[in-house]
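These are the residues of each chain, in order.
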Amino acid sequence: MNKMNQIVIEGNVVRTPTFKETPRGTRVCTMPIAVDRLYKDRNGENVKEVGFYDVEVWGENIGSMIAKNGVKGRGVRVVGRLKQDRWKTADGHNASKIFIVAEHVDFKPLFSQKQARMPDSGGEDCGADSASVQSEIENLAEAAAGIRMEAAAEDTTVF
């Protein structure tokens, strides 16, 4: 019986995902993410801790979706498992690396910089012009397209 090995992690894409190909021709997409942790130290001061993690996505379909939607800074939630690679260095020392193999990836919606600076209207008219409304509609359409692509990618088994 297999032991439990599952992780759910949320963060932001650090840089554009890259593709590699194994010797057998299988494509692997690598996406580095950063995860913030906020806590208070003994003196009651806020401390921000950042962890960086490599996420691997196996398979052409889901990898292509990751490469298209995984723009730097975009929020992402990854469900997967931990994997450890081990090897011997040239000088004979043991080395290892732990990374996340994604089984499911959700991207948070993209919003323009202008929308990020707009005040919360609280239900009141904030004076948005038609250009900003059109921009919001385009962003929502892009997010919906990403969700449809993710749903189609879920039908693909990732090993």
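Since the model is a prediction, treat every value here as computed from it, not as a measurement.

Conventions adopted
Note on numbering: residues in each chain are counted from 1, in written sequence order. Thresholds applied to this predicted model are a pLDDT of at least 70 for local features of residues and 80 or more for the giving and counting of side-chain atom pairs; totals over whole chains, interfaces and linings are not thresholded and use all residues. Hydrogens are left out, water is left out, and the side-chain values use all remaining heavy atoms of the structure. Working definition: helices are DSSP H or I runs of at least four residues, strands are E runs of at least two. Numbering for both runs from the N terminus. Residues count as neighbours in contact if any of their non-hydrogen atoms are within 4.5 Å of one another. Here the Shrake-Rupley method, with its probe set to 1.4 Å, supplies the accessible areas, and only the displayed protein chains count as covering residues. Two rings from Phe, Tyr or Trp (for Trp, the six-membered ring) form a pair when their centres sit within 6.5 Å of each other. Planes less than 30 degrees apart are called stacked, planes more than 60 degrees apart edge-to-face, and all others tilted. Should the NZ of a Lys or the CZ of an Arg lie within 6 Å of a ring centre and within 35 degrees of the ring normal, that charge is described as sitting over the ring. As used here, the term nonpolar core means buried Ala, Val, Leu, Ile, Met, Phe, Trp, Tyr and Cys residues forming a set that is joined through side-chain atoms within 4.5 Å. Note on exposure labels: buried denotes an accessible area under 20% of the residue type's maximum, exposed denotes more than 50%, and partly exposed covers the range between, all computed with a 1.4 Å probe on protein chains only. At least two bridges found by DSSP between two strands are what make those strands a pair. Salt bridges are defined as contacts in which a side-chain nitrogen from Lys or Arg sits within 4 Å of a carboxyl oxygen from Asp or Glu. The predictor attaches a confidence to each residue, and that confidence, scored 0 to 100, is pLDDT. Taken from the helix axis, the directions to the C-beta atoms give the arc we talk about.

1. Observations regarding the overall build of the chain
Counting secondary structure elements, the chain contains three helices and six strands. Considering only intrachain contacts with a sequence separation of at least 6, the fraction spanning at least 24 residues in the chain is 58%. Surface exposure of the chain reaches about 11300 Å², of which carbon and sulfur atoms provide 51%.

2. Quick word on the packing of aromatic side chains
The geometry of two aromatic rings is summed up by the distance between their centres and the angle between their planes. Tallying each qualifying case throughout the model produces zero aromatic pairs. Positioned over the ring face of Phe 19 is Arg 27, at 4.0 Å from the centre of the ring.

3. Some words on the nonpolar core
Counting residues in hydrophobic clusters, the biggest one holds 17 residues, and the most contacted among them are Met 31, Val 55, Ile 66, Val 76, Val 78, Val 105 and Phe 107. Residue assignment for this core shows that the elements contributing at least two residues are strand S1 (7-13), strand S3 (27-40), strand S4 (46-58), helix H1 (60-69), strand S5 (75-88) and strand S6 (94-107). When near neighbours in sequence (up to four residues on either side) are disregarded, Met 31 contacts Val 13, Pro 17, Tyr 53, Asp 54, Val 55, Ile 66, Val 76, Val 78, Val 105 and Phe 107.

4. Focus on the pairing of S1
Taken together, the six bridges between S1 and S5 define a ladder with antiparallel strand orientation. Opposite Glu 10, over in S5, you have Arg 77 as the bridge partner. Strand direction decides the pairing type here: S1 and S3, joined by two bridges, are antiparallel. The residue of S3 that forms the bridge with Val 13 is Ile 33.

5. What about the environment of Val 79?
Position of Val 79 relative to the elements: it lies in strand S5. In this structure Val 79 comes out as buried when scored by relative accessible area, which is 19%. Remark: the alpha-carbon pair of Val 79 and Glu 103, spanning 24 residues in sequence, is separated by 5.8 Å.

6. Details of the pattern of salt bridges
Scanning the model with the defined rule gives six salt bridges in all. Its salt-bridge partner being Glu 49, residue Arg 37 comes within 3.8 Å of it at the nearest N-O pair. With Arg 37 in strand S3 and Glu 49 in strand S4, this residue pair connects regions lying 12 residues apart in the sequence. Given the relative accessible area of 45%, Arg 37 is considered partly exposed. Put simply, Asp 54 and Lys 97 hold a salt bridge, and the shortest N to O gap is 2.7 Å.

7. Considering the confidence of the model for the chain
Summing up the model confidence of the chain, the mean pLDDT is 78 and the portion of residues at 70 or higher is 70%. Here residues 114-130 is a poorly scored stretch, pLDDT under 50, and it has 10 contacts once near neighbours within four places are set aside; other chains count.

8. Describing H1
Within the sequence span of H1, burial applies to Ile 62, Gly 63, Met 65, Ile 66 and Asn 69. Buried residues of H1, viewed axially, fall in a sector of 160°; they line one side. Exposed residues pointing more than 90 degrees away from the buried face of H1 are listed as Asn 61 and Lys 68.

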